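# Understanding the architecture of this molecule
Here is how the chains run, residue by residue.
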Amino acid sequence: PVLAQDKPWEDAMGGYPSVLYDEQAGKYRMWYQCFNLTNYFARDKGPSYYIAYAESEDAYNWTKPALEGFPFAGHARSNVVCTGRDNARASAAQV
């Protein structure tokens, strides 16, 4: 696996990754889908599908930065960058 589930908000993850190389930053950037089964059945708890972000300098070793201004699931900072509007599904990130 390229990424491992290591954040408290990542139930199932990795679907539909989109990777681009950012020449200005000198790193690879990845956006990938996460899925939360609990939220899928209890829609009032939060989004069931959402998009998270990771970055890498070599495309093998990835980090998931805790981004300022991206709170999620009670955490002040996260790597979740899109949840969809009004708890709608945010899936299949295509950047």
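Residues numbered from 1 in each chain as written. Predicted model: local features only at pLDDT ≥ 70, side-chain atom pairs only at ≥ 80, totals over all residues. Heavy atoms only, no water.

Pairing between side chains of opposite charge can happen when their charged atoms approach one another. Here the structure, examined in full by the defined rule, presents six salt bridges. Each of Asp-22, Lys-27, Arg-29 and Glu-55 takes part in salt bridges that share partners, so that together they form one network. (Salt bridge = Lys/Arg side-chain N within 4 Å of Asp/Glu carboxyl O.)

The next subject is the packing of aromatic side chains. The tally for this structure, following the rule as stated, stands at four aromatic pairs. Their ring planes at 55 degrees and their centres at 5.6 Å tell us that Trp-31 and Tyr-53 sit as a pair that is tilted. With a gap of 22 residues between them, Trp-31 in strand E2 (residues 27–35) and Tyr-53 in strand E3 (residues 49–56) connect regions that are remote in the sequence. Residues Trp-31 and Tyr-53 agree in their burial class; the two are buried. Measuring from ring centre to ring centre gives 4.6 Å for Tyr-50 and Phe-72, while their planes differ by 45 degrees; the resulting arrangement is tilted. One end of the pair, Tyr-50, is in strand E3; the other, Phe-72, is in the loop between E3 and strand E4 (80–82), with 22 residues separating them in the sequence. (Phe/Tyr/Trp six-rings, centres within 6.5 Å; stacked < 30°, edge-to-face > 60°. Helix = DSSP H or I, 4+ residues; strand = E, 2+ residues; numbered from the N terminus. Buried < 20%, exposed > 50% of the residue type's maximum accessible area, 1.4 Å probe, protein only.)

Moving on, we come to the environment of Ala-54. Tracing the backbone shows Ala-54 in strand E3. Residues contacting Ala-54, with those up to four places away along its chain left out, are Leu-3, Tyr-28, Arg-29, Met-30, Tyr-32, Trp-62, Thr-63, Lys-64 and Pro-65. (Contact = heavy atoms within 4.5 Å.)

On to the nonpolar core, then. Formed by Leu-3, Trp-9, Met-30, Tyr-32, Cys-34, Tyr-50, Ala-52, Ala-54, Trp-62, Phe-72 and Val-80, the largest nonpolar core amounts to eleven residues. The contact partners of Trp-62, leaving out residues within four places of it in the chain, are Val-2, Leu-3, Val-19, Tyr-28, Arg-29, Met-30, Ala-54, Glu-55 and Ser-56. (Core = buried A, V, L, I, M, F, W, Y, C linked by side-chain atoms within 4.5 Å.)

Among the secondary structure elements, Lys-64 is positioned in the loop between E3 and E4. Within polar-contact distance, the side chain of Lys-64 engages the backbone oxygen of Ala-4 at 2.5 Å. Polar side-chain contacts of Lys-64 include one of 3.0 Å to the side chain of Glu-10. Once you skip the residues sitting within four places of it in the chain, Lys-64 turns out to touch Leu-3, Ala-4, Gln-5, Asp-6, Lys-7, Glu-10, Met-13, Tyr-32, Tyr-53, Ala-54 and Asn-79. (Polar contact = N/O pair within 3.5 Å; in protein donor to acceptor, adjacent residues only side chain to side chain.)

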